[in-house]
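As a plain string of letters, each chain reads:
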There are 2 protein chains.
Amino acid sequence: MKEQGIELAVSTVIFALRPHPRSGETALWLPLVRRIREPHVGRWALPGGPLQCDEELSASARHTLERTTGLTSNYLEQLYSFGAPDRSPQRVVSIVYWALVRADEAARAIDGENVEWFLADEVPELAFDHNTIVTYALNRLRGKITYSPIARFFLSPEFTLAELRAVHEAVLRKKIDPANFRRQALATKTLVPTGTVLTGTSHRPPALYRFQVNPTPERLRP
Amino acid sequence: MKEQGIELAVSTVIFALRPHPRSGETALWLPLVRRIREPHVGRWALPGGPLQCDEELSASARHTLERTTGLTSNYLEQLYSFGAPDRSPQRVVSIVYWALVRADEAARAIDGENVEWFLADEVPELAFDHNTIVTYALNRLRGKITYSPIARFFLSPEFTLAELRAVHEAVLRKKIDPANFRRQALATKTLVPTGTVLTGTSHRPPALYRFQVNPTPERLRP
DNA sequence: CCAAAAGTGTTTAGTGTACACCCATGC
DNA sequence: GCATGGGTGTACACTAAACACTTTTGG
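Summarised in this report is the structure supplied together with it. Please read all numbers here as calculations on a predicted model, not as lab measurements.

Residues and elements named next belong to chain A. Cis peptide bonds are those with omega within 30 degrees of zero, and the linkage from Glu38 to Pro39 qualifies with -5 degrees. Structurally, Pro39 is set in the loop between strand E2 (26–34) and strand E3 (44–45). If you check the backbone angles, His40 has positive phi at about 65 degrees while not being a glycine. Locating His40 in the fold gives a position in the loop between E2 and E3. Backbone geometry at Phe128 places phi at a positive 50 degrees, although glycine is not the residue there. Summarising the element assignment, Phe128 is placed in the loop between strand E7 (115–119) and helix H3 (130–147). Of the residues examined, Phe128 reaches a relative accessible area of 22% and is grouped as partly exposed.

What follows concerns the packing of aromatic side chains. Any aromatic ring pair is given by two values, namely how distant the centres are and how the planes are angled relative to each other. Residue and element names in this part refer to chain A. Scanning all chains against the criterion turns up 14 aromatic pairs over all chains. Ring plane angle 70 degrees and centroid distance 5.4 Å describe the contact between Tyr75 and Trp98, whose orientation is recorded as edge-to-face. In this pair, Tyr75 is assigned in strand E5 (residues 75–82) and Trp98 in strand E6 (residues 92–101), connecting sequence segments 23 residues apart. Summarising the burial analysis for this pair, Tyr75 and Trp98 share the class buried. With centroids separated by 5.0 Å and ring planes inclined at 45 degrees, the aromatic side chains of Tyr80 and Tyr136 adopt a geometry described as tilted. Of this pair, Tyr80 sits in strand E5 while Tyr136 sits in helix H3, and the two are 56 residues apart along the sequence. Overall, Tyr136 belongs to the partly exposed group, its relative accessible area being 31%.

With that out of the way, let us pick up the sheet that holds strand E8 (residues 159–160) of chain A. All names here are of chain A. An order of E8-E10-E9 is seen for the three strands of this open sheet, with the pairing classed as antiparallel. Since the sheet does not close on itself, it has two edges, and those belong to E8 and strand E9 (191–197), each with one partner. With two bridges joining them, E8 and strand E10 (residues 207–211) adopt antiparallel strand pairing. Paired with Thr160 across the strands is Leu208, a residue of E10.

A pair of packed helices is captured by two measures, namely the crossing angle of their axes and the spacing between those axes. Residue and element names in this part refer to chain B. In the contact formed by helix H3 (residues 130–147) and helix H4 (residues 161–172), the axes pass within 10 Å of each other and the chain directions differ by 145 degrees. Crossing geometry of H3 relative to H4 is assigned as left-handed. In this structure, H3 uses Leu141, Arg142, Ile145 and Thr146 to contact H4, whose residues at the interface are Val167, His168, Val171 and Leu172. Looking at the contact of H3 with H4 residue by residue, the class counts come to five nonpolar, two polar and one charged.

All right, on to the side chain of Glu55 of chain B then. Inspection of the secondary structure puts Glu55 of chain B in the loop between strand E4 (48–50) and helix H1 (57–69). One buried charged side chain, Glu55 of chain B, makes no salt bridge at all; its nearest oppositely charged neighbour is Arg91 of chain A, positioned 6.3 Å away. For Glu55 of chain B, the side chain forms a polar contact with the side chain of His63 of chain B, separated by 2.6 Å. Once you skip the residues sitting within four places of it in the chain, Glu55 of chain B turns out to touch Pro85 and Arg91 of chain A together with Pro50, Ser60 and His63 of chain B.

Residues and elements named next belong to chain B. Judged by pairing direction, the sheet is antiparallel, and its three strands sit side by side in the order E8-E10-E9 without closing on themselves. Each end of this open sheet is capped by a strand with a single partner; those strands are strand E8 (159–160) and strand E9 (191–197). As defined by bridge partners, E9 adjoins strand E10 (residues 207–211) across four bridges and the pair is classed as antiparallel. Looking at E10, one finds that Val197 is bridged to Ala207.

Residues and elements named next belong to chain A. The buried fraction of E5 amounts to seven of the eight residues, a majority that puts the element mostly inside the structure. Sheet topology places E5 next to E6; seven bridges connect them, and they run antiparallel. Across the sheet, the residue bridging to Gln78 is Tyr97, located in E6.

Calculation notes
- Residues numbered from 1 in each chain as written.
- Chains lettered and ligands numbered in written order.
- Predicted model: local features only at pLDDT ≥ 70, side-chain atom pairs only at ≥ 80, totals over all residues.
- Heavy atoms only, no water.
- Helix = DSSP H or I, 4+ residues; strand = E, 2+ residues; numbered from the N terminus.
- Buried < 20%, exposed > 50% of the residue type's maximum accessible area, 1.4 Å probe, protein only.
- Phe/Tyr/Trp six-rings, centres within 6.5 Å; stacked < 30°, edge-to-face > 60°.
- Pairing = 2+ DSSP bridges.
- Axes fitted to C-alpha atoms, helices over the stretch in contact; angles between N-to-C directions.
- Left-handed = near helix turned anticlockwise from the far one by under 90°.
- Contact = heavy atoms within 4.5 Å.
- Nonpolar A, V, L, I, M, F, W, Y, C, P; charged D, E, K, R; others polar.
- Lys, Arg positive; Asp, Glu negative; His and termini not counted.
- Salt bridge = Lys/Arg side-chain N within 4 Å of Asp/Glu carboxyl O.
- Polar contact = N/O pair within 3.5 Å; in protein donor to acceptor, adjacent residues only side chain to side chain.

What follows is the structure in structure tokens.
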């Protein structure tokens, strides 16, 4: 009944939006770390590390995020736990989290010696089963953004509806009707107009919004 | 960077349908195990055990299921991983699975010395954070059954639409319009009429169905 | 005035829900 | 015939999508 020899690691899939190098349009990126130890030396892998004794699982993921990118995230969620016995000679069980980083923050991320950002849809062949994990995380992100207001975690506190829509379009990689998107976004009642508009555009100035900080829980409504 | 002292366990929330002892209606049940060791000796807890070196995570969950109930399951899915540092003096990280067991099988489950079945909505105060886990699993089951055809895993291969509906009603604890349920169930195209009916009822004999074994994937359709 | 994006209105198809009604069986 | 659940039809409200149209800015 010994379980000796099983290593427990926490990895994190970190998503951020940046311009696509060729088309210039906003696209999904994620940072990877080059392995400097066997197995899979030289291969790119998800950032992560062994779980510390006194560390929350989510704290470990947050530390990885901070260590590899110098950034913090407003959104961190557990993705899945992977642990096929054949992942490597020394068996490793990985508890994987995913995080969203704001675009303005991601722009000033520090790229360490062995850290590099890749287009989420063009990652190279990774170490271990990390390609599977990235695909899994992408599916979760694309699924969740359609029914949950997580797009906000890619944005600054104040934003226009066009910016919010651009996040959805970049993640889902498809054009969205601006008129219908506006109505659906406003129908959620989570958006609050700031009363100000964004000037300096070469067209009609769009209104600025922020997300509701404390929406009244249903059980407390009159 | 040592992670020594962290124990990795796999637990399983096992759901089955049985008659409610008071109302007689079908209700959700789950088996719990009485702890025979510190910490929390005497308390009820989710069945589980340490992960073996050469064991798949899901295999460990399946073994737990077999060991505690003598049953097998057609549906097993990873739920979440829990691991707050204060869960016990000896830190334990639990990877939790959930499983569905067919009603006819559950009826002949073996109840071991320290195993007892409880109504899913009336579990006692459990060891560790297992109450949280049970609530989490219940939410997942109730959420998933509304958009995924998992109700089938509670049923025998052949069943009537009334039986399928009864599963939904028992899990969600609410009455469902039979006419609308029928239409929605048939609209999924996953149900195949066997051509036979169930006789012996005191009313019009209902048609029997089975679930489509190999629905043609979309990419293969002409 | 023109271009461009913000923002509004309208039409259409589809879907979930409530409920009236007929059907087939045992008693 | 009658009770009971199986099974069908239908009207209504709500939602998503497509798209025409008006508004407001910079140049």
